[in-house]
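Structure assessment
Each chain, letter by letter, is given below.
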Amino acid sequence: MNDFNFNGLSNKINNHKRSKLGHFPTPLEPLPRLSEWLGGPSIFVKRDDASGLGQGGNKIRALEFLIPDAVACGSDILLTAGVIQSNSVRQVAAAAAKVGLDCHFAMITDRIDETDADYAKTGNIFLNHLYGATHELMSIKDDKDEVLLKMAERLKSVGRKPYIVPYGCANLLGAIGYLNAAYETAKQIVEQNLSITHLIHASGTGGTQAGLIVGFALLGIPIKVIGIDIDADEAGVRDRVTKILRLLAKEVGLDARKLEEKIIIEPGYSAGAYGKADDPTVEAMTASSRLEALTTDPVYSAKGLAGLIGLSRKGYLKKSDNIIFLHTGGVPAIYAYRSLFGY
Ligand SMILES: Cc1ncc(COP(=O)(O)O)c(C=O)c1O
């Protein structure tokens, strides 16, 4: 159990400069009441929602590697893009505030057709402005990379030094943060003498899943990583995970083709659209809240948990399995979805 390649993985991570922004390691703890209720595998939670900075979430790990690059580039403003309730944008805004950079973002206003009345005033968007970020509007039909490049050109022409943080913090450097998550989780597994079979989480722009697959492979720890598609776009999620996985594989010297075989995307729990919730989403939110006081959000983490619940009921996950539910964050968005619970 103890002969995992921790040194090999930490050497690769340490090739990159890291700013300590979050509260790491995040807890890894059992969920006994949720496990008993489900009557299937033993469930543990890895609390990346509790990563600290700016209400936490998975992108803090990515930003620990992106921020030093922005600083090394001499930038004075971070640029990014996301939907109105983007957790990624909120974490970029928080990181910028923490290290004394400005933050400006392109806000996608038309990705979700029907929303609560105050969707555009509460939750993540409120926090973005509290952290001092400014925004302009864009459409989901626009090319995100092009919008960011144009924004950067415009700011350069007035003497600013912009640094582009890609949509979802999803690039090679951001995904190094998830190699680090694999390292941290494996250390906790050894310390707690656990035998984990699967790790399940909400997957979207791909960096989280790619980082975990490559990190566990380099360590030699046999944990299956299951990404729950939250975009209702299985092929798109797989494509994004694959692209980042290839970059990471090259970075750490592993065979990308073998790693690509390990990509598991489960499409059945997306509620049919990004930002929408259905009965399994609401059931997962309710169960985690009432049984473990673990808050999950309807856009990401509750869909991840709904996947775990559904795969257990189908018998894909067995009673003898030990599963980590990676809570990737997203909790600030719940205030924009109160109508799901009749509020
Ligand atoms: C709360 C939350 N969970 C999961 C994800 C998906 O992670 P990734 O984009 O790395 O696939 C995101 C992405 O924005 C997120 O905000």
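The structure presented is a predicted model; accordingly, all values stated were derived computationally and were not measured. (Residues numbered from 1 in each chain as written. Predicted model: local features only at pLDDT ≥ 70, side-chain atom pairs only at ≥ 80, totals over all residues.)

For the rest of this paragraph, the subject is the overall build of the protein chain. Scanning the protein chain from terminus to terminus reveals 12 helices and 10 strands. Since a compact globule built from 343 residues should have a radius of gyration of about 20 Å, the 19 Å found for the protein chain is in line with a globular shape. Overall size of the protein chain, expressed as C-alpha extent along the three principal axes, is 60 × 50 × 35 Å. Buried positions account for 52% of the 343 residues belonging to the protein chain. Relative to all contacts within the protein chain whose residues are 6 or more apart in sequence, the contacts with residues 24 or more apart total 82%. (Helix = DSSP H or I, 4+ residues; strand = E, 2+ residues; numbered from the N terminus. Rg over C-alpha atoms; globule rule 2.2 N^0.38 Å. Buried ≥ 20, exposed ≤ 12 C-beta atoms within 10 Å, placed from the backbone. Contact = placed C-beta atoms within 7 Å.)

This next bit is on the sheet that holds strand S2 (residues 42-47). The six strands lie next to each other as S1-S2-S10-S7-S8-S9, forming an open sheet whose pairing is mixed. For this open sheet the edge positions go to strand S1 (28-30) and strand S9 (264-266), each flanked by a neighbour on one side alone. Shown here is a sheet whose adjacent strand axes are inclined to one another by a mean of 30°, direction ignored. Note: S1 against S2, three bridges, orientation antiparallel. In the strand pairing of S2, Leu 28 is matched with Lys 46. Most of the contacts of helix H8 (residues 207-219) go to strand S8 (residues 224-229), to which it runs at about 175°, and overall it touches strand S7 (198-203) and S8. (Pairing = 2+ DSSP bridges. Axes fitted to C-alpha atoms, helices over the stretch in contact; angles between N-to-C directions.)

Inspection of the region around the ligand gives 19 residues, with Asn 87, Thr 205, Tyr 300, Thr 328 and Gly 330 positioned closest. Elements supplying a minimum of two residues to the shell around the ligand: helix H4 (87-99), S7 and H8. At three residues, H8 tops the list of elements feeding residues into the shell around the ligand. Of the residues in the shell around the ligand, the class split is three nonpolar, 16 polar and no charged. Counting only domains with at least three residues in the shell around the ligand, you end up with domain 1 (6-57 + 171-341) and domain 2 (74-169). (Near = placed C-beta within 6 Å. Nonpolar A, V, L, I, M, F, W, Y, C, P; charged D, E, K, R; others polar. Domains from an automatic or database assignment.)

Regular strands have side chains that alternate between both faces of the sheet. With five of six residues buried, S2 is to be regarded as a mostly interior element. Sheet analysis places S2 next to strand S10 (residues 322-327), joined by six bridges and oriented parallel. For Arg 47, the partnering residue across the bridge sits in S10 and is His 327.

Taken together, the four strands give an open sheet; going across it, the order is S5-S4-S3-S6, and neighbouring strands pair in parallel fashion. Among the strands making up the open sheet, the edge pair consists of strand S5 (134-138) and strand S6 (162-164). In this sheet, adjacent strand axes meet at a mean angle of 30° when their direction is disregarded. In the packing of H4 onto the sheet, contacts are made with strand S3 (77-83) and strand S4 (102-108), and the angle to S3 comes to roughly 160°.

What describes two packed helices is the angle between their axes and the distance between those same axes. Contact geometry of H8 with helix H9 (residues 234-252) gives a least axis separation of 8 Å together with a crossing angle of 35°. Crossing geometry of H8 relative to H9 is assigned as right-handed. Where H8 approaches H9, its residues Gly 207, Gln 209, Ala 210, Gly 211, Ile 213, Val 214 and Leu 218 are matched on the opposing element by Val 241, Ile 244, Leu 245, Leu 248, Ala 249 and Val 252. Across the contact of H8 with H9, the residue classes break down as 10 nonpolar, three polar and no charged. (Left-handed = near helix turned anticlockwise from the far one by under 90°.)

Among the six residues that make up S8, five are buried, leaving the element largely enclosed by the rest of the structure. As judged from the six bridges shared by S7 and S8, these two strands associate in the parallel manner. Looking at the pairing, His 198 lines up with Lys 224 of S8. Once you follow S7 into H8 and on to S8, the crossover reads as right-handed. (Right-handed = clockwise from strand over helix to strand, strands pointing away.)

This paragraph deals with the domain arrangement of the protein chain. Each domain of the protein chain was delimited in the assignment, giving domain 1 (6-57 + 171-341) and domain 2 (74-169). At the interface, 23 residues of domain 1 touch 23 residues of domain 2.

A few words on the packing of helix H11 (residues 279-292) against helix H12 (residues 301-313). Following both chains from N to C, one finds H11 and H12 inclined at 95°, their axes separated by 8 Å at the closest point. For the element pair H11 / H12, the angle class is roughly perpendicular. Every residue of H12 that contacts H11 at Pro 280, Thr 281, Glu 283, Ala 284, Met 285 and Ser 288 is listed here: Ala 302, Lys 303, Leu 305, Ala 306, Ile 309 and Gly 310. (Parallel < 35°, antiparallel > 145°, perpendicular 65-115°, else oblique.)

Along the polypeptide, Asp 48 turns up in the loop between S2 and helix H3 (59-72). Asp 48 sits 13 residues away from Arg 61 along the chain, and the two C-alpha atoms are 8.8 Å apart. Each residue touching Asp 48, except ones within four places of it in the same chain, is listed here: Thr 26, Gly 57, Asn 58, Leu 326, His 327, Thr 328 and Gly 329.

Now for unusual backbone geometry. The linkage connecting Phe 24 with the following residue, Pro 25, adopts the cis geometry, with an omega of 0°. The phi dihedral of Cys 169 falls on the positive side, at around 55°, and the residue is not glycine. Structurally, Cys 169 is set in the loop between S6 and helix H7 (172-191). Residue classification places Cys 169 among the buried residues on the basis of 28 C-beta atoms within 10 Å. The backbone phi angle of Ala 293 is positive, close to 50°, even though this residue is not glycine. With respect to the helices and strands, Ala 293 occurs in the loop between H11 and H12.

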